[in-house]
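A look at the structure
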Amino acid sequence: MSRARMGGHAAWAVLGQGAGQMLSLLVFLVIARFVSQASFGLVAVSLAVVEVVRRLLIDPVTNATNARTEVSNRDYDLCFNVILILGGLSAGVVALSAAELTRLIGSPEAAPVLRVLSVILLVMGLAGTHGAWLARQMRFRALAVRSTLSVVAGGVVGLGMAFAGFDLWSLVGQQLTINLFNIITLWVSAPYRPRPWLPWAGLRDLWRRARHISLGAAWNAVATDADLFFASAWFGPAAAGIYNAAKRIMLSANMMLVNAISSVTLPALAGIADDRARARAFAGGLTMMSLAVAPAFAGLAAASPFLVHLLLGARWEASAPILTALAASGYLAALGQFASSALLVEQRSHHDALTSGVAAGVNVAMLWIAAPHGPVALAAGVSMATLIVLPLRLRFAMHAMGLGWRTIGTALLPSVAAAIAMMAALFAMRPVLAAVLPGPAVLMVMIPAGMLLYGGLLRMMAPQLFRTTFATALEMAGRGKRPVEA
């Protein structure tokens, strides 16, 4: 697949993720004025439990299916039936054991919320295969529409309930509505219709492909969500709500950029049969990923006080230093996620699982050390743990692709160096701008200044890369070859 064609698909994926996340943040901005921080904390912990189960049981099946070089509707039939059963069973188990689960993670107040939100697992079982089918067919425009409509519907319900004084349950209603609309829009968008299909041979093959993915997902869930559980257990629901607000902003940026690009990467790499061509695509994709993501998270770290104040108001200002400390983990996780996609395509999911296990252990150890020192230290521990483990995941992906550290360094060093220099300049500008301008105006200055600084530094450090990136951007904008829409 050409760089311009992949860029076109990525543009639709980013548009879908971006529109959905921006709308979600706007809804969050308004609801935060009417709902307590403790309520946000309880819902966040409950959703984290649901996410752990989803990553452990549902995502490995859809990822294993989409990672196949050749995939048929029979494969999707098997995927649908398996995740429907897993989603229904897990929803029942989580609902029945909600009190025990929330006590185990130190948040017993969240039990009633988790009991209701467990139904989302059944919804994911009904919708997951259709989302995977659309991604494999590169129909990212349909996924973009689905994301936007679901968030709008959830926002209407959540805001209406918040205005009516439902507090905690407005957040629950919002989540249930989003997932219900996911089912409707995915089934309408995808012409694929599942049929009953559970052959024993197919189940064995799916288990062989998905088991290491599932193990890796379990470790990834620990590495990804343990900080929120620590925040709730050590500091209480209100502090967990403040921590989650920062994490939510960081994850919104992650989903707009990283998840969107990764959703293109897996099917694109899987569709390249030649090993050398796939290795070149991996190196080029890693370069483009870093070029887009490094300045975004560096800018997020520098602008966090003004961004948090603008989005959430003065009541949530304690989230700003947490967001700054988390920003590095966003970039590092992006690289790790890209490497994981390569390992899935190369049928090296056992290496991904091993790395995820190491990441979980390192993350828990760092959080245990950092938690007594407060939420900001907890966030810094997340970034440090991600930095420690990333080289191992990249090493496995490099070995699978037949690449060396020099290639990876060439792919990453220019964008990282330019982003760090840009961030340092923005940090230096921040107090000067804050002394003479209101917060929104500071952001209006910092964002274009950061873009100009990053572009100028990149042109100076890697002129050929800058020219190639600029040409690709022109193609994606339609001045050269127009992006291909699926």
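Residues numbered from 1 in each chain as written. Predicted model: local features only at pLDDT ≥ 70, side-chain atom pairs only at ≥ 80, totals over all residues. Heavy atoms only, no water.

**Section: the overall build of the protein**
Within the protein, the secondary structure is distributed over 17 helices and zero strands. Every one of the 486 residues in the protein was classed for burial, and the buried ones make up 54%. Relative to all contacts within the protein whose residues are 6 or more apart in sequence, the contacts with residues 24 or more apart total 83%. About 20200 Å² of surface is accessible on the protein, with carbon and sulfur atoms providing 69% of the total. (Helix = DSSP H or I, 4+ residues; strand = E, 2+ residues; numbered from the N terminus. Buried < 20%, exposed > 50% of the residue type's maximum accessible area, 1.4 Å probe, protein only. Contact = heavy atoms within 4.5 Å. Areas by Shrake-Rupley, 256 points an atom, 1.4 Å probe, with all protein chains shown as cover.)

**Quick word on the nonpolar core**
Y243, F282 and L312 are the most contacted members of the largest nonpolar core, which has 118 residues in total. Residue contacts for F282: discarding those within four places in its chain leaves L269, F338, A339, A342, A397, M401, L403 and I408. Within the second largest apolar cluster, 15 residues are counted, among which are W133, L186, A190 and Y192. (Core = buried A, V, L, I, M, F, W, Y, C linked by side-chain atoms within 4.5 Å.)

**Considerations on the packing of aromatic side chains**
In this structure the tally under the stated criterion is nine aromatic pairs. When the centroid spacing of 4.9 Å and the interplanar angle of 80 degrees are considered together, the rings of F28 and F40 count as edge-to-face. Taken as a pair, F28 in helix α1 (residues 3-31) and F40 in helix α2 (residues 37-66) lie far apart in primary sequence, twelve residues in all. Both residues of the pair, F28 and F40, count as buried. Each ring, one from F40 and one from W316, has its centre 5.5 Å from the other, and the planes form 85 degrees; the classification is edge-to-face. Taken together, the residues F40 in helix α2 and W316 in the loop between α11 (275-312) and α12 (319-345) connect sequence positions 276 residues apart. An identical accessibility class is assigned to F40 and W316; each is buried. Taken together, the ring pairs in this structure connect F28, F40 and W316 into an aromatic cluster. In this structure, R74 packs its charged tip against the face of W197, placed 3.8 Å from the ring centre. Taking NZ or CZ as reference, R248 lies 4.6 Å from the ring centre of F28, over its face. (Phe/Tyr/Trp six-rings, centres within 6.5 Å; stacked < 30°, edge-to-face > 60°. Lys NZ or Arg CZ within 6 Å of the ring centre and 35° of its normal.)

**Examining the environment of N182**
Along the polypeptide, N182 turns up in helix α8 (residues 168-189). Distance from N182 to L126, taken between C-alpha atoms, is 9.5 Å for residues 56 residues apart in sequence. Apart from the residues lying within four places of it in its own chain, the contact partners of N182 are R146 and S150.

**Topic: the pattern of salt bridges**
Per the stated rule, a full pass over the model turns up twelve salt bridges. Salt-bridge contacts for R103 lead to E100; the nearest nitrogen and oxygen are separated by 3.8 Å. Of this pair, R103 and E100 both sit in helix α4 (residues 98-104), three residues apart, which is roughly one turn of that helix. (Salt bridge = Lys/Arg side-chain N within 4 Å of Asp/Glu carboxyl O.)

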